[in-house]
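# Secondary and tertiary structure notes
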Amino acid sequence: MLLYLGDTHLLDAARYLAGLIHAWGWEFDYVRSDETPSPELLAVPRKLFVLSDYPAARFPGELQRELLAQVERGAGLVMIGGWESFHGLGGDWDGTPIGDALPVEIASSDDRVNADRPVLVAQAMEHPAVTGLPWSLRPPVIGGYNRFRAKPQAMTLLEARTFDARRQGPEFVFTETERSPLLVVGDYGKGRTAALATDVAPHWVGPLVDWGSPRVTACAPGSEAVEVGCHYAAFLRQLLAWAGNAPSP
């Protein structure tokens, strides 16, 4: 059983991830970005908790500690990027119990990078969460991310690489200008943790949502169908399966 919090609601950005979770046959409960999880939801034994564009102000400290007690016992914890993730603009997870449990150091001021230049995703190391995907042959592009730093014992699996693009005659010349951690994983007690700096729904997700062919169609209960790339879907399934310590897809 998975608990997914944020991404506005199921008729908005949440329909992307929720649709895929439903298509995989995974059971989940969902909490909108403007709702506070009930103590009863946190009392249900979980394999995985996913927070995406969900503000810390909606999650009382006592309930955060109840979530982390499950992570200490072996549940997974994933935070996905967005304007209300990490510090962001109203996320404010720095200095919170959940924020401190993540494998990254969260900034204490606005950490949003809204990209107006090409930002490509590059694999930094092999890991079950990212294996078997064409990161080198067909690197996806994203539209933005939260800037954070990996903690010393954490592993950076993906990087965001920013490029300046200039036209010289008939050709474009690309010059790399910055590298930032994009996917960082670690552990908390017996549980696995992950921080993905970019979003998985528009607008920051950018072309990543269309990564791969054939297309995959998915629909969460009571929502609207989405159509996404097969590599995008496979990446999210691998990441969540690894974090939740589920069998490999």
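Here, the structure is the one placed above.
In short, a report on the structure.

How each quantity is defined
Residues numbered from 1 in each chain as written. Predicted model: local features only at pLDDT ≥ 70, side-chain atom pairs only at ≥ 80, totals over all residues. Heavy atoms only, no water. Buried < 20%, exposed > 50% of the residue type's maximum accessible area, 1.4 Å probe, protein only. Helix = DSSP H or I, 4+ residues; strand = E, 2+ residues; numbered from the N terminus. Pairing = 2+ DSSP bridges.

Among the 6 residues in strand β12 (residues 191-196), 5 count as buried, and that is most of the element. Relative to β12, strand β4 (residues 76-80) is paired through 4 bridges, and the arrangement is parallel. Pairing of Met 79 across the sheet is with Ala 195, part of β12. Two elements, strand β11 (residues 171-188) and β12, share 6 bridges in a ladder whose sense is antiparallel. Along β12, the bridge assignment pairs Tyr 188 with Gly 191. Here β11 folds back onto β12 in antiparallel fashion, the turn holding 2 residues, of which Gly 189 has a positive phi close to 60°.

A cis amide bond links Pro 202 with the next residue in sequence, His 203, at an omega value of 20°. With respect to the helices and strands, His 203 occurs in the loop between β12 and β13 (215-218). Even without a glycine there, the phi angle at Asp 7 is positive, about 55°. Mapped onto the elements, Asp 7 comes out in the loop between β1 (2-6) and α1 (14-23). One non-glycine residue, Asp 92, lies in the positive phi region at around 55°. Relative to the assigned elements, Asp 92 resides in the loop between β4 and α4 (97-101).

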